Structures are given as structure tokens and as C-alpha cells.
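Each chain, letter by letter, is given below.
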2 protein chains.
Amino acid sequence: MESSFAIIAEPNRRAILSLLAVSEQSVGEIERRLRMPQTSVSKHLRVLRNAGFVESRVDAQRRLYRLRPEPLQEVDAWLAQFRRFWSTHVDALERHLDRIAEREPKKGKVR
Amino acid sequence: MESSFAIIAEPNRRAILSLLAVSEQSVGEIERRLRMPQTSVSKHLRVLRNAGFVESRVDAQRRLYRLRPEPLQEVDAWLAQFRRFWSTHVDALERHLDRIAEREPKKGKVR
DNA sequence: AGCGTATATGCTCATCAGGTCATATGAACG
DNA sequence: CGTTCATATGACCTGATGAGCATATACGCT
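Residues numbered from 1 in each chain as written. Chains lettered and ligands numbered in written order. Predicted model: local features only at pLDDT ≥ 70, side-chain atom pairs only at ≥ 80, totals over all residues. Heavy atoms only, no water.

A. View of the overall build of chain A. Of the regular secondary structure elements, chain A holds 5 helices and 3 strands. Per-residue burial over chain A gives 34% buried out of 111 residues. Restricting to contacts in chain A with at least 6 residues of sequence separation, those with at least 24 account for 46%. Of the accessible surface of chain A, which amounts to about 7200 Å², a share of 49% is contributed by carbon and sulfur atoms. (Helix = DSSP H or I, 4+ residues; strand = E, 2+ residues; numbered from the N terminus. Buried < 20%, exposed > 50% of the residue type's maximum accessible area, 1.4 Å probe, protein only. Contact = heavy atoms within 4.5 Å. Areas by Shrake-Rupley, 256 points an atom, 1.4 Å probe, with all protein chains shown as cover.)

Listed below in C-alpha cells is the structure:
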């Protein structure tokens, strides 16, 4: 389970991360909110901790988990190479639509 | 193989996507550039096409593959919920360091 | 038609990850 | 100190998936 991408491939882990994005949570809280067996929550948290996505803090018998930003930033960095492509793609689409609009001004459907 | 996240969990598929981010490529070109067996490239491309990451165009015996933006944008949208957290986290860290610096000016270790 | 090139598909195998159940650890509190 | 609450860990099973190999399809050229 090396890459950060593999970690967030799992839907339950994404749900946990989304929860933690709001605020620090205990295992029990996650368990209740996601209606997921405690043992499963603990295992996913372990994976997330090993991969650096979360860190835990002890509060009596509870462990409070909070997010750590680095791995998600890594994913974000990988996505960056495609952002350039998105805009040019959108531009191309717009130009395409413009061409159609110029060539076929028959239908007056344009508001 | 539902989610876009599962698709990009595979390293070879990420490599293919990165290649296509530069420009349209044929299967053979991908095969050579990534030094990956053709049959494997074709299979990954199939997965990518089914998930909407790429589309193909026919050029004689070749198939030219190009990127499609939507699924990656979906991933980007999911990441958005954490961006807020990144900045506040950096701020918190800075405030924390500031507090330490003010409270413990004993050790002259600070440059 | 026949051959070479380019790509796709089907099959088998091995691996791995997640769910579940049982159980262990560990702290709080009477 | 024994019980209860909160969390972690280990074992087993099962399903999914990627690699590799063989083969199929399809186009172009002579």
C-alpha cells in the first residue's frame, strides 16, 4: 500500500478523511457517523496513519485523529500537470461552440 | 472499477495519463516510452477509456489516445474540501512556532 | 490473396486488500 | 482489583486485479 493514490482509492477512507477535514474526531465518533464497524475504522485509520494522512492524539481512553496535509498535497501536485490541459480544452470547446453559433444563426434559440 | 480514484491508484495508468497530458499518443508510442508490454498498455487504456479518462481516434491501423478532463476534475473537486485546511494548518503551525519563540528566548539557538 | 504491423481480448495464475469475528490491550472508576 | 468502555490486532476467507502468454481482429501494402 505504497502510494497516496492507493490510499484514497478506498471509499471508506475517503469518507474518514472528509470527516476529519471538518474537525478532529475520535474512533467512536467516526464509527457512529459512518455506520461502520469499529474494527474496520481502526484498520483504515492505521493505514491512513502509516501513510501520513492522519495523526493521533491520546485523550484518556480515546484516540483523537486529525488530518495531516502533506499526502493530499502530493496528490494535488500530481493533478497540477493536467490543469493547464483543462483550460486549453475548455477554450477549444468554447471556440468550437462559437464557430457553430456563427455558422448556424438560423435557429433563433439564443436568448 | 467504479471510482476515478481507483483508476489512478495504478502507477502505470498514472504514467499513461502523464504522457497523454503532453500530447495525443498511439498505443505503440506509449508502449515504447513506458517500456511496458503492448498487451498491458492496451488493457490499461481500456480501463481508462471505460472510466472516461481518455478517448481514442482511429488513424489507419493505429489508435490515437487523448485525454478527457472530466474524471480528473472530479478528483480535483474532491480535493477542494481540504485546501481550506492546508492554509489554516500552515497558519496554525506558524502561530505555534511564534508562541514558542516568544515564550522560550532562553536558549540562544535561534539564528 | 497473403503477409506484416498495430491493437485488442481471453485465460490462468498469483497477489493483495477489505470484511468479519474473536480476542487483546489499556485506561477509568466504583 | 474487577468490570466496563474505547481502541487495536490477529486469523481467515473471499473477491478483485494486474501480469503474462497466446490468440484474435483489422488495416495496409505488394
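B. Local environment of the relation of the copies chain B and chain A. Placing chain B over chain A gives an RMSD of 0.0 Å and needs a rotation angle of 180°, together with 0.0 Å of translation along the axis. What the rotation and shift describe, once combined, is the action of a two-fold rotation axis. Closest to the rotation axis within chain B is the C-alpha of B:Ala9, separated from it by 3.1 Å. A share of 100% of the interface residues of chain B reappears at the interface of chain A, consistent with the copies meeting face to face through the same patch. (Least-squares fit on C-alpha atoms with pLDDT ≥ 70 in both.)

C. Here's a closer look at the sheet that holds strand E1 (residues 25–26) of chain A. Residues and elements named next belong to chain A. Here we have 3 strands laid out as an open sheet, ordered E1-E3-E2, and antiparallel in their pairing. The open sheet terminates on both sides in strands that have one partner only, identified here as E1 and strand E2 (54–59). Bridge count for E1 against strand E3 (residues 62–67) is 2 bridges, and the pairing is antiparallel. For Gln-25, the partnering residue across the bridge sits in E3 and is Tyr-65. Most of the contacts of helix H2 (residues 11–22) go to E3, to which it runs at about 90°, and overall it touches E1, E2 and E3. (Pairing = 2+ DSSP bridges. Axes fitted to C-alpha atoms, helices over the stretch in contact; angles between N-to-C directions.)

D. Looking closely at the confidence of the model for chain A. Looking at chain A as a whole, the pLDDT averages 86, with 78% of positions reaching at least 70. Mean pLDDT per element in chain A: helix H5 (residues 70–103) of chain A is the minimum at 76, and helix H1 (residues 4–7) of chain A is the maximum at 98. (pLDDT = per-residue confidence, 0-100.)

E. Summary view of helix H3 (residues 27–34) of chain B. Residue and element names in this part refer to chain B. All of the buried residues along H3 are Val-27, Gly-28 and Ile-30. Angular distribution of buried residues about the axis of H3 spans 165°; they occupy a single face of the element. Turned more than 90 degrees from where H3 packs its buried face, Arg-32 and Arg-33 sit exposed. On its buried face, H3 sits against helix H2 (11–22), strand E1 (25–26), helix H4 (38–50) and strand E3 (62–67). At the C-terminal side of H3, Arg-35 shows a positive phi close to 50°. (Arc of directions from axis to C-beta.)

F. Quick peek at the nonpolar core. Counting 50 residues, the largest nonpolar core has A:Leu17, A:Phe82, B:Leu17 and B:Phe82 as its most contacted members. Leave out the neighbours within four places in its chain, and B:Leu17 touches A:Trp78, A:Phe82, B:Ile8, B:Leu48, B:Phe53, B:Val54 and B:Leu67. (Core = buried A, V, L, I, M, F, W, Y, C linked by side-chain atoms within 4.5 Å.)

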